[in-house]
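Secondary and tertiary structure notes
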There are 2 protein chains.
Amino acid sequence: MKTYKDLSPSPRTIMTPGPVEVDPRVLRAMSFPILGQFDPEFTALMNETMEMLRTVFYTENHWAYPIDGTSRSGIEAVLTSLIEPGDTVLVPIYGRFGHLLVEISERCGAEVTTLEQEWGKVFDPAQIIQQIRKHPPTILALVHGETSTGCMQPLEEIGKACRELDVLLVVDAVATLGGTKVAVDEWQLDAVIGGTQKCLSIPSGMAPITYNQRVADKIAKRKKVERGLRTAEADTALTGRAIQSNYFDLSQLQDYWSPVRLNHHTEATSMLYALREGLRIVLEEGLEARFQRHKRHERALVAGLTQMGLSLFGDPHCKMPMVTCVLIPDKVDGESVRQMLLHQFGIEIASSFGPLQGKIWRIGTMGYSCNQKNVLHLLGALEATLLRHQVPIHPGLAVQAALDVYEQEQR
Amino acid sequence: MKTYKDLSPSPRTIMTPGPVEVDPRVLRAMSFPILGQFDPEFTALMNETMEMLRTVFYTENHWAYPIDGTSRSGIEAVLTSLIEPGDTVLVPIYGRFGHLLVEISERCGAEVTTLEQEWGKVFDPAQIIQQIRKHPPTILALVHGETSTGCMQPLEEIGKACRELDVLLVVDAVATLGGTKVAVDEWQLDAVIGGTQKCLSIPSGMAPITYNQRVADKIAKRKKVERGLRTAEADTALTGRAIQSNYFDLSQLQDYWSPVRLNHHTEATSMLYALREGLRIVLEEGLEARFQRHKRHERALVAGLTQMGLSLFGDPHCKMPMVTCVLIPDKVDGESVRQMLLHQFGIEIASSFGPLQGKIWRIGTMGYSCNQKNVLHLLGALEATLLRHQVPIHPGLAVQAALDVYEQEQR
């Protein structure tokens, strides 16, 4: 019989826009023994996780809990629970993940309209607001931070307009949650999906979501108690069309995440341990301090890259602090550079998608990966790799420029 | 600010039908650092996991990989990828999880018909075969092991009949995979879903599935490359109706789990480590040896329970080896017994659902939890707890009876 070796991953410096390195405290949390799903000790951990999520989302929403799946499972859970066939969804697209919102909404039976912005820019909020005034959709679905382009869409004015026009605003904050402010209540966002494997620095496999009473009310009309658990009185509330997914039915998930504890799935125990520990770390650092840290390392990274002679991609006014996109210099094989970084230096950076494939590298400074050691290590290794590829850059300047930033800020 | 304590779960002996205790090797695997999703070291681990799953499923199927979600995510992925609106699905129900198959199939737009068997029994295969001969459905969906009742449905004859009649047979083997034989190819099962947190003894959060070319062919007609990744040539194959879920679209997941590595979700890194390590442990023990171990501890447990004076629930001819259902004696508060076991002895057993709520206890002997220490510990604790509840049982006999079984078999 074929045998398989002991797990022994090589050491990696992960500077992609996710998944990123995980705090050893989170890794250790996953190695604790299992508790039963209805063990009071476990349900207490679930409740604490909900509390911490509210803080991280800057919300008073009651509903803040993870979906057991990767980030896009959270997006699909929200959209499939909200969208009834014939509902209209407007998606302003400025990168790959806008297309994903269209894709998911269409599969939920929505009539989708889109606005498109050139990749590397975001929308003037006025343009989106004008569109929803003209044709108010049931839902406006929008990406907060587009890791495919490194751009971040301002949401505050859009949230205000949606509330006035009674449009539900669903926001994909997968890449931004925990790295920059996602002010759910202040910005009047109705439903927001975060990611674990990005700025929260937890392994992929859970998708924290939050939503307000406007969303809960719409979902409540579609509530259907699961067959096999149903009693005679149940289902009297069902006035909307039943949600087309059982796994992503937020009305059922609510019963599981509330004192009723009505059985649905078996909560992913070890991932819940990881999420709880990751959120504890975020709160111990402090949200504002964490956002400042992401800005600081971005400054150092950008200083180093530009001093080296590289150009950044995208409109700097809407740049995400945790993703930096670099134009691949002319005639350089971007994949060869990435391979050399990985295999010689143990550093991973990312390529991009669609129109940007082969055009840019994407460097992430997210969560636990967002630290001085990583930024300096990357700049030195990238310089050496580009020299090895005969790229005419300015040697010796990048790491110095980053050190200047760090030393200035340490004063 | 509120602070949250260090994670510190109490020691538990988990004798439920899942989630169960996890081998420390699996827990340790989850504590290894993250690899990027397209790192060749990680994709090699993905491929090894596929190979091992094929062995555990007794199949030559190419497709054998996990869905990133809890067990029911695997069921929904298979059903939603297969079912087109108007397809007919027959579900023979003999417990709660049959109802779940109905629930999911209906949400996928299927026309569902059911057969119902009293809880505690299974179907005579001839009855199901007669039904599919009379009205061949597109899909027959069936539970292999019903943890809600502790019964296991024989599948071999049904598989043969489905193949003859060109019916697709989808089997929920969540509770049985890794604890008793699930002979996918020999029994002619077209798609099978396993669970991690039961006999594989891996934390909840992944759902291993396998399916054959018949299923792959049906899914291929519905293939749609994701927006934002799509090139001009794509989607020419789409002749069926697009799958109503993006997250559970097996045609897209196949591209992620093949050398194309077309980006879909970000594979749940730590859970994949866990699954790989758990499967390694299963293969090191040997499948047949593992099944024998489950039978051995079942014999000891049943001997102990019956000597104590308790009666088992369900038809013994179709009893699952890894779940033992006990009738709660008259006038005994089943929940009070469970609470005492948990809070005084640190042992968890389960209650049941629907018509069996308050009527039976369910004791699991699954995977890593299925061991002599646990069985003896449980029997002693249950005896003491029942005495404490003034239940007229025969004291002193249960542990002795189990020891007899173990000593006989050790000879």
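What counts and what doesn't
Residues numbered from 1 in each chain as written. Chains lettered and ligands numbered in written order. Predicted model: local features only at pLDDT ≥ 70, side-chain atom pairs only at ≥ 80, totals over all residues. Heavy atoms only, no water. Contact = heavy atoms within 4.5 Å. Buried area = accessible area lost by both parts, 1.4 Å probe. Salt bridge = Lys/Arg side-chain N within 4 Å of Asp/Glu carboxyl O. Polar contact = N/O pair within 3.5 Å; in protein donor to acceptor, adjacent residues only side chain to side chain. Helix = DSSP H or I, 4+ residues; strand = E, 2+ residues; numbered from the N terminus. Nonpolar A, V, L, I, M, F, W, Y, C, P; charged D, E, K, R; others polar. Phe/Tyr/Trp six-rings, centres within 6.5 Å; stacked < 30°, edge-to-face > 60°. Buried < 20%, exposed > 50% of the residue type's maximum accessible area, 1.4 Å probe, protein only. Lys NZ or Arg CZ within 6 Å of the ring centre and 35° of its normal. Domains from an automatic or database assignment. Expected span 1.5 Å × (residues − 1). Arc of directions from axis to C-beta. Pairing = 2+ DSSP bridges. Least-squares fit on C-alpha atoms with pLDDT ≥ 70 in both.

Next up on the list: the interface of chain A and chain B. Listed per partner, the contact involves 84 residues of chain A and 85 residues of chain B. For the pair chain A and chain B, the two sides together bury roughly 7300 Å², of which 54% comes from carbon and sulfur. When the buried area of chain A at its contact with chain B is split by residue, Tyr4, Leu7 and Arg107 of chain A rank highest and sum to 12% of it. At the junction of chain A and chain B, the tally comes to 14 salt bridges. Of the charged contacts in the structure, one is a salt bridge between Glu41 of chain A and Arg12 of chain B, with a shortest N-O distance of 3.5 Å. Seen at the junction of chain A and chain B, the total is 43 residue pairs in polar contact (both at pLDDT 80 or more). Only helix H1 (24-29), helix H2 (40-56), helix H3 (71-82), helix H4 (96-107), helix H9 (269-285) and helix H11 (334-345) of chain A provide two or more residues apiece to the side of chain A that touches chain B. For the side of chain A that touches chain B, the per-class residue count stands at 34 nonpolar, 25 polar and 25 charged.

Right, let's get into the packing of aromatic side chains. Within the structure shown, the criterion is met by 19 aromatic pairs over all chains. Pairing Phe248 of chain A with Tyr247 of chain B gives two aromatic rings, centres 5.7 Å apart and planes at 70°, and the pair type is edge-to-face. Of this pair, Phe248 of chain A sits in the loop between helix H7 (213-220) and helix H8 (250-256) while Tyr247 of chain B is found in the loop between helix H7 (213-220) and helix H8 (250-256), placing the two residues in two different chains. Both residues of the pair, Phe248 of chain A and Tyr247 of chain B, belong to the buried class. Seen in terms of ring centroids, Tyr65 of chain B and Tyr211 of chain B are 6.1 Å apart; in terms of plane orientation they differ by 75°. Their pairing is edge-to-face. Pair noted here: Tyr65 of chain B is in strand S2 (residues 63-67) and Tyr211 of chain B is in strand S10 (residues 207-211), with a separation of 146 residues, a long-range link. Looking at Tyr65 of chain B, the relative accessible area reads 0%, which means it is buried. Members of the aromatic cluster, joined through ring pairs, are Trp63, Tyr65, Tyr211 and Trp257 of chain A. Taking the ring centre of Phe353 of chain A as reference, the NZ or CZ of Arg96 of chain A above it sits at 4.4 Å.

Next up on the list: the domain arrangement of chain A. Residue and element names in this part refer to chain A. Under the domain assignment, chain A is made up of domain 1 (23-283) and domain 2 (287-410). The C-alpha centroid of domain 2 is placed 31 Å from the C-alpha centroid of domain 1. Between domain 1 and domain 2, the residue contacts involve 30 residues of the former and 25 residues of the latter. When domain 1 packs against domain 2, the two sides together hide about 2200 Å² of surface, and 67% of this comes from carbon and sulfur. Linking domain 1 with domain 2 are 0 salt bridges. Run the count over domain 1 and domain 2 and you get 8 residue pairs in polar contact (both at pLDDT 80 or more). At the level of secondary structure, the elements contributing two or more residues to the side of domain 1 that touches domain 2 comprise H2, H4, strand S6 (145-146) and strand S7 (151-152). Along the lines of polarity and charge, the residues of the side of domain 1 that touches domain 2 split into 12 nonpolar, 12 polar and 6 charged.

Take helix H13 (residues 398-410) of chain A next. Residue and element names in this part refer to chain A. In a regular helix each residue adds 1.5 Å, so 13 residues correspond to 18 Å; H13 covers 19 Å between its end C-alpha atoms and thus fits that length. Among all positions in H13, only Ala398, Ala401, Ala402, Val405 and Tyr406 are buried. Seen along its axis, H13 keeps its buried residues to an arc of 135°; they face one direction. The outward face of H13, more than 90 degrees from its buried face, is lined by the exposed residues Gln408 and Gln410. Where H13 is buried, its residues contact helix H10 (287-308) and helix H12 (372-388).

Regular strands place side chains that alternate from one sheet face to the opposite one. All names here are of chain A. The buried fraction of strand S5 (residues 139-143) is high, at 5 of 5 residues. Neither face of S5 is open: one carries Ile139, Ala141 and Val143, the other Leu140 and Leu142, and all of them are buried. By the bridge criterion, 2 bridges tie strand S3 (residues 88-93) to S5 in an arrangement that is parallel. Bridge assignment links Leu90 to a residue of S5, and that residue is Leu140. Sheet topology places S5 next to strand S8 (residues 168-173); 5 bridges connect them, and they run parallel. Directly across from Ala141, in S8, lies its bridge partner Val170.

Residue and element names in this part refer to chain A. With respect to the helices and strands, Leu403 occurs in helix H13. Look at Leu403 and you get partly exposed, because its relative accessible area is 25%. Separated by 294 residues in sequence, Leu403 and Gly109 have C-alpha atoms that sit 52 Å apart. Sequence-distant contacts of Leu403, that is, excluding residues within four places in its chain, are made with Gln372 and Leu376.

As a further point, take the relation of the copies chain A and chain B. Look at the two chain copies: a rotation about an axis and a shift along it is all it takes to match them. For the pair chain A and chain B, the superposition axis carries a translation of 0.0 Å, the fit reaches an RMSD of 0.0 Å, and the rotation angle comes to 180°. Look at the turn and shift together and you get a two-fold axis relating the two. Rotation axis and chain A: the residue whose C-alpha lies nearest the axis is Gly69 of chain A, separated from it by 2.4 Å. The fraction of interface residues of chain A whose copies in chain B are also interface residues reaches 100%, indicating that both copies meet through the same surface.

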